[in-house]
Amino acid sequence: MRGRKPHVLLLMGRHGTWHDLLLGLIEYVSRHTSWVLDLVEPTPANVSALCSRAWDGVIGHMNMRETYERVAAWKVPTVNTSQDLPLEDMPNFAHTATDNVAVGRLVADYFLQRGYDSFAYLGWEGHCNAQLREQGFADRLAQNGMTCRVMRMTDPPTFGPLPLNANDLDLLKWLKDLPQPTALFACNDSFAFRTSQICVEGDIRVPERLAIMGVYNDPLICRLGRPPLSSVALLGVREGWEAARLLDGLMSGRISPSTVVQLPPSHIVTRQSTDLLAIEDTALSKALRLIQSKASAGIDVTDVVKHTGLNRRALERRFTAQLGRSPGQEIRRVALERVKWFLAHSDLTMEEIADKCGFCGAQWMSVVFRKAEGTTPTAFRRRYGLPLFRTDP
């Protein structure tokens with residue numbers, strides 16, 4: 001008689017930020033295991049109701065102390081996918097985690113590159129991921145001589161066309177006191193979405209007066225924003241794959257508890273809420289828009305000079321004064337961001353990626369990439385690329 005198949009409990013939702021994670025997780029399971037999966041929302045009540053079942057492993061979102069303590073009492077191999085609680089407080093679990101400090105730095109760089117000099121952060125009191133994003137955002141701004149106004153909410157935002165509550169009114173007052181224009185980084189898409197609703201009620205124009213950026217790139221929430229919301233996309237599919245791989249290792253004894261797999265943010269998806277350059281220099285703004293749209297087509301500094309009508313020396317002076325880098329460096333930076341996206345999200349060959357990103361061959365792309373990133377394109381793809389295009393576990 002065949003042995004019993006391992007039963008694994010997935011403590012997570014089915015929508016929003018969990019969707020990509022589940023896709024990656026299921027892909028690993030279908031390729032490498034015979035697990036039987038059960039899915040349930042990660043609430044303490046659900047965990048209590050399931051305590052009598054004999055689970056062989058758990059992958060779950062331990063976003064509440066009570067949920068963590070009840071699952072830990074089962075003493076089965078467990079992988080946590082949440083950073084709402086400090087990971088060091090859960091030493092008996094393995095973890096997947098986003099580098100949230102890097103998320104904050106990425107957003108700070110994005111806004112700095114668009115010429116903003118007023119910045120704000122909307123956080124969530126008591127949530128570790130929000131605190132780390134704030135840290136990365138504020139630290140990167142400080143490195144550039146900038147400061148950041150901060151508001152931390154104690155309650156999660158409401159949804160829908162509901163009357164403004166006390167929480168909302170406090171946020172509205174804070175938003176109205178911000179200088180114009182300000183670049184606002186909200187700790188997640190839900191906070192960004194509620195902010196956009198409050199801006200409508202308070203007659204705060206987005207993005208002209210307030211640019212808004214969220215995290216998770218939830219397509220439903222972001223597209224429902226007024227206007228549609230820019231957001232940081234994470235490597236959700238890859239994280240799901242890694243969570244399943246970790247549990248597989250825990251269950252077989254190949255991996256020890258407390259192992260952490262940390263992933264960087266993927267990229268920023270620009271929508272209308274930040275689609276504005278806060279740069280008064282018309283020629284410089286024109287140059288940046290050309291580079292953003294055409295860097296991957298192989299343009300060079302001569303093309304930018306012709307587009308702006310400035311001579312090359314004048315253009316380089318303006319770039320250096322406003323952005324701290326030359327036009328050529330900006331072209332390479334934008335092209336390399338595109339390269340990283342293809343490496344992480346496609347199975348295109350290096351030659352195909354080089355062609356799509358404006359490089360004259362994969363060898364030259366690799367030279368430029370390694371100089372800028374400190375690693376090769378192949379190593380970058382191996383570490384951060386979608387697992388769906390790989391055959392190794």
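Cut-offs used in this document
- Residues numbered from 1 in each chain as written.
- Predicted model: local features only at pLDDT ≥ 70, side-chain atom pairs only at ≥ 80, totals over all residues.
- Heavy atoms only, no water.
- Buried < 20%, exposed > 50% of the residue type's maximum accessible area, 1.4 Å probe, protein only.
- Helix = DSSP H or I, 4+ residues; strand = E, 2+ residues; numbered from the N terminus.
- Pairing = 2+ DSSP bridges.
- Right-handed = clockwise from strand over helix to strand, strands pointing away.
- Phe/Tyr/Trp six-rings, centres within 6.5 Å; stacked < 30°, edge-to-face > 60°.
- Lys NZ or Arg CZ within 6 Å of the ring centre and 35° of its normal.
- Axes fitted to C-alpha atoms, helices over the stretch in contact; angles between N-to-C directions.
- Contact = heavy atoms within 4.5 Å.
- Salt bridge = Lys/Arg side-chain N within 4 Å of Asp/Glu carboxyl O.
- Core = buried A, V, L, I, M, F, W, Y, C linked by side-chain atoms within 4.5 Å.
- Expected span 1.5 Å × (residues − 1).
- Polar contact = N/O pair within 3.5 Å; in protein donor to acceptor, adjacent residues only side chain to side chain.

**A word on the pairing of strand 1 (residues 7–11)**
Regular strands show a simple pattern: their side chains alternate between the two faces of the sheet.
Then, number 1: Across the five residues of strand 1, four count as buried, placing the element largely inside the fold.
Then, number 2: Sheet analysis places strand 1 next to strand 2 (residues 36–40), joined by five bridges and oriented parallel. If you follow His7 over to strand 2, its bridge partner there is Val36.
Then, number 3: With helix 1 (residues 18–32) bridging strand 1 and its parallel neighbour strand 2, the resulting β-α-β unit is right-handed.
Then, number 4: In this sheet, strand 3 (residues 57–60) lies alongside strand 1 in parallel orientation, the contact comprising four bridges. From the neighbouring strand, Leu11 faces strand 3, where its bridge partner is Gly60.

**Description of the packing of aromatic side chains**
Aromatic ring pairs are described here by two measures, namely the spacing of the ring centres and the angle between the planes.
Then, number 1: One pass over the full model with this rule turns up 11 aromatic pairs.
Then, number 2: Ring geometry for Trp341 versus Phe342: centroids 5.4 Å apart, planes at 85°, classification edge-to-face.
Then, number 3: By relative accessible area, Trp341 is classed as partly exposed at 30%.
Then, number 4: Through a chain of ring-to-ring contacts, the aromatic side chains of Phe119, Tyr121, Phe137 and Phe185 assemble into a single cluster.
Then, number 5: Here the basic side chain of Arg114 rests over the ring of Tyr110, its NZ or CZ set 3.7 Å away from the ring centre.
Then, number 6: Sitting over the face of the ring of Trp341, Arg338 holds its NZ or CZ atom 5.8 Å from the ring centroid.

**Regarding the sheet that holds strand 12 (residues 267–269)**
Through backbone hydrogen bonds, the strands of a sheet pair up, either in parallel or in antiparallel fashion.
Then, number 1: Strand order in the open sheet formed by six strands is 7-6-8-9-10-12, with mixed pairing between adjacent strands. Looking along the sheet, the strands with just one partner apiece sit at the ends: strand 7 (149–153) and strand 12. Taken pair by pair, the neighbouring strands of this sheet meet at an average axis angle of 20°, ignoring direction.
Then, number 2: Pairing between strand 6 (residues 119–124) and strand 8 (residues 182–186): four bridges, direction parallel. By the bridge assignment, Leu122 is partnered in strand 8 with Ala186.
Then, number 3: With respect to the sheet, helix 5 (residues 128–143) is in contact with strand 6, strand 7, strand 8 and strand 9 (210–215), its orientation differing from that of strand 6 by roughly 165°.

**What to know about the pattern of salt bridges**
Then, number 1: Counting across every chain of the model gives 16 salt bridges.
Then, number 2: Of the charged contacts in the structure, one is a salt bridge between Glu27 and Arg31, with a shortest N-O distance of 2.8 Å. You can see Glu27 and its partner Arg31 sitting in helix 1, four residues apart, about one turn around the helix.
Then, number 3: One connected set of salt bridges, linked through shared partners, spans Arg238, Glu242 and Arg245.

**Remarks on the nonpolar core**
Then, number 1: With 45 residues, the main nonpolar core has Phe111, Leu122, Phe137, Trp174 and Leu175 as its most contacted residues.
Then, number 2: Leave out the neighbours within four places in its chain, and Leu175 touches Leu184, Thr195, Ile198, Cys199, Ile204, Arg209 and Leu210.
Then, number 3: Val8, Tyr28, Trp241 and Val261 belong to the second-largest nonpolar core, a separate cluster that totals 21 residues.

**A few points about the environment of Val334**
Then, number 1: As for its position among the elements, Val334 is in helix 13 (residues 327–345).
Then, number 2: Classification of Val334 as buried rests on a relative accessible area of 12%.
Then, number 3: On a C-alpha basis, the gap between Val334 and Thr195 in space is 29 Å, while along the polypeptide they are 139 residues apart.
Then, number 4: When sequence neighbours within four positions are dropped, the list of residues in contact with Val334 reads Ile291, Gln292 and Ala295.

**Details of the environment of Val79**
Then, number 1: Position of Val79 among the secondary structure elements: in strand 4 (residues 78–80).
Then, number 2: Each C-alpha atom, one on Val79 and one on Gly57, is 8.3 Å from the other, the two residues being 22 residues apart in sequence.
Then, number 3: Once residues within four sequence positions are removed from consideration, Val79 is found in contact with Val58, Ile59, Gly60, Ala94, His95, Thr96, Ala243, Leu246, Leu247 and Leu250.

**A closer look at helix 10 (residues 282–294)**
Then, number 1: In a regular helix each residue adds 1.5 Å, so 13 residues correspond to 18 Å; helix 10 covers 18 Å between its end C-alpha atoms and thus fits that length.
Then, number 2: Turning to helix 10, its buried residues are Ala283, Leu284, Ser285, Ala287, Leu288, Leu290 and Ile291.
Then, number 3: Summarising the contacts, the buried residues of helix 10 are in contact with helix 4 (100–113), helix 11 (301–308), helix 12 (312–323) and helix 13.
Then, number 4: For helix 10, the capping residue at the N-terminal end is Asp281, with a side-chain oxygen 3.1 Å from the backbone nitrogen of Ala283.

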